[in-house]
Structure formats: C-alpha cells, structure tokens
Amino acid sequence: MFAYAGYLATTMSETESGVVGVRAAELKQINSAERTGQPFLYWRTPDAGLQITYLGADRWRVTIGRAEEADVRLEADSQVSRMHALLERVGEEWTLVDDGLSRNGSFVNAERVLARKRLADRDRLCFGSSEVVYRAGVPRSAAPTVSAGEDAGSMTLSPAQRRVLLALCRPMHARESAMPATNRAIAAEVLMSVDAVKAHLRSLFEIFGLSELPQNEKRARLAATALVSGVLSAHEF
C-alpha cells in the first residue's frame, strides 16, 4: 500500500523476514523495537525512511493525519485528512477510531473502520495511500488501569459511585464512537446535583488511578477503562 516508487522492488518476502514491506537493513530497527516489549507503529516516510513510534504506558491517544501537530504525520499523502483518525488505548488494548471526520476513511487489513476497531498484532492500518503497521508488543502482566493492587472485577464502589459511573459510560456503551455523558446528563439520570456528580467523579478518578491525567482527558479515560475492566457488567446498562 505504500505509494513510493521503487518500494516493492526492495522488499523482502514474508517467509524471508516475517515482516512484509521492510528492507533487510530496517529489520534491525524493528527487532530493537520488539525487544522493548512495548506496542509500536512503523511506517515509511516520503524519503523511504522507516519511522517507529512507541505506544508506551504514558500514552493513551495518538493522532494520525497530515497536520503538523499529528503524532503520526503523513504529510505527503494528499488523500489523508489533516486530522484523519485516532489511536486510543482502552485498558491494555489499542483501538483505531475514525468516526467520519476523514474524507477517505480508515482501513484495517482492507476493512473500513466505522467508529472504532480493536487492533491485533501486525494489523495493517491504511490511510489514503499510506500504510502503518501496528505491533502489539508483549502484554503486561499488570491488572487493568485501576488503583495499584486492585482487582477491577472485584472493586468495591459505593452505590452512588456505581450509578454515576454507569451514567457516565452509558453513551459509550451504546455507541463506541460516542463521548461520555456530561455532568448535567449524569445529574439528571441519577437525581443528584451537578456538584455531587463532580465529587463522585473525583473519587472515581482516584480509585482508577487517573487523578494525574490532564483534566480534559480524565472523563473519557475513566469511561473507557471502566467499560473494558469488568467493573461494570452489560446487564447493568
């Protein structure tokens, strides 16, 4: 899928290298990335150089597009929108999010992504005529992102905290591309004041180990973590 002249003539076969679309000299870079155990992306730049971006534990969102501020910048591909798609970490998993903002869509292994798709090791992510390969790394043995030592499936939340968390997550449970509920919407559902909702959310940020995140990231991260951690069950919705 790479749109660079002469590229195919220099690639190795999958049986020779285990990695399609990578020159022999570049395998060392990928092998070094694999040894870190972290998930990562690799793709080719306009000058045919290999680029690698690590998806470490300190990151939960990666932007993809032509814009200068994009984390994965595909500036030479006119078929890629300025802000084309997102990668978001949900618990231990990375997902590709494209909720209709891109003109030409996003694809995983030739299948168009509508809203959100969970990624698997060696998935090929296509944006315009550019291809980015996802490597999952070595799964961490730690529990989902909650307070240290806490088993998410057996976390103890007060009835009020649980109602607030359910209301926060409800839109995202119904539609993966949706945003968490607003404080006013939560307050209306659980019959609390907005100030009471904010207080419960602050407690939930602490319980899930999210207090140190930027304020504008906490709500989405809390909802995403709760939905994949086992804290909430489907029948509760």
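Residues numbered from 1 in each chain as written. Predicted model: local features only at pLDDT ≥ 70, side-chain atom pairs only at ≥ 80, totals over all residues. Heavy atoms only, no water.

K.L.:
For this particular structure, what's the right way to read the packing of aromatic side chains?
P.N.:
To describe a pair of aromatic rings, one takes the distance between the centres and the angle between the planes. Summed over the entire model, instances satisfying the criterion amount to two aromatic pairs. With 6.2 Å between their ring centres and 55° between their planes, F40 and Y54 make a pair best called tilted. Here F40, found in strand β1 (residues 40-44), pairs with Y54, found in strand β2 (residues 50-54); they are 14 residues apart in sequence, far enough to count as distant. Look at Y54 and you get partly exposed, because its relative accessible area is 32%. By way of ring pairs, the aromatic residues F40, Y42 and Y54 are connected into one cluster. (Phe/Tyr/Trp six-rings, centres within 6.5 Å; stacked < 30°, edge-to-face > 60°. Helix = DSSP H or I, 4+ residues; strand = E, 2+ residues; numbered from the N terminus. Buried < 20%, exposed > 50% of the residue type's maximum accessible area, 1.4 Å probe, protein only.)

K.L.:
Explanation requested: the confidence of the model for the protein in the structure shown.
P.N.:
Interpretation of the predicted coordinates at a detailed level should be avoided for regions scoring low in pLDDT. Summarising the model, the protein shows a mean pLDDT of 78, and 79% of its residues fall at 70 or more. The lowest-confidence element of the protein is helix α1 (residues 14-17), averaging 31 in pLDDT; the highest-confidence one is helix α4 (residues 183-190), averaging 95. Considering only residues more than four positions removed or in separate chains, one finds that residues 1-20, a stretch of pLDDT under 50, has 39 contacts. Predicted confidence for residues 140-154 stays below pLDDT 50, and this span has 28 contacts to residues more than four positions away or in other chains. (pLDDT = per-residue confidence, 0-100. Contact = heavy atoms within 4.5 Å.)

K.L.:
Quick question: what am I supposed to make of the sheet that holds strand β4 (residues 72-73) here?
P.N.:
Sheets are built from strands that pair by backbone hydrogen bonding, the pairs being arranged parallel or antiparallel. What the five strands build is an open sheet, ordered β4-β3-β5-β6-β9; its pairing is mixed. Edge positions in the open sheet fall to β4 and β9 (115-118), since each of these has one partner strand only. Where strand β3 (residues 61-65) meets β4, two bridges bridge the pair, whose relative direction is parallel. Within β4, the position partnered with I64 by the bridge is V72. (Pairing = 2+ DSSP bridges.)

K.L.:
Help me understand the side chain of T63, please; the structure alone is not making it clear to me.
P.N.:
In this structure, T63 sits in strand β3. In this structure T63 comes out as buried when scored by relative accessible area, which is 15%. Sequence-distant contacts of T63, that is, excluding residues within four places in its chain, are made with E69, A70, D71, V72, M83, A85 and L86.

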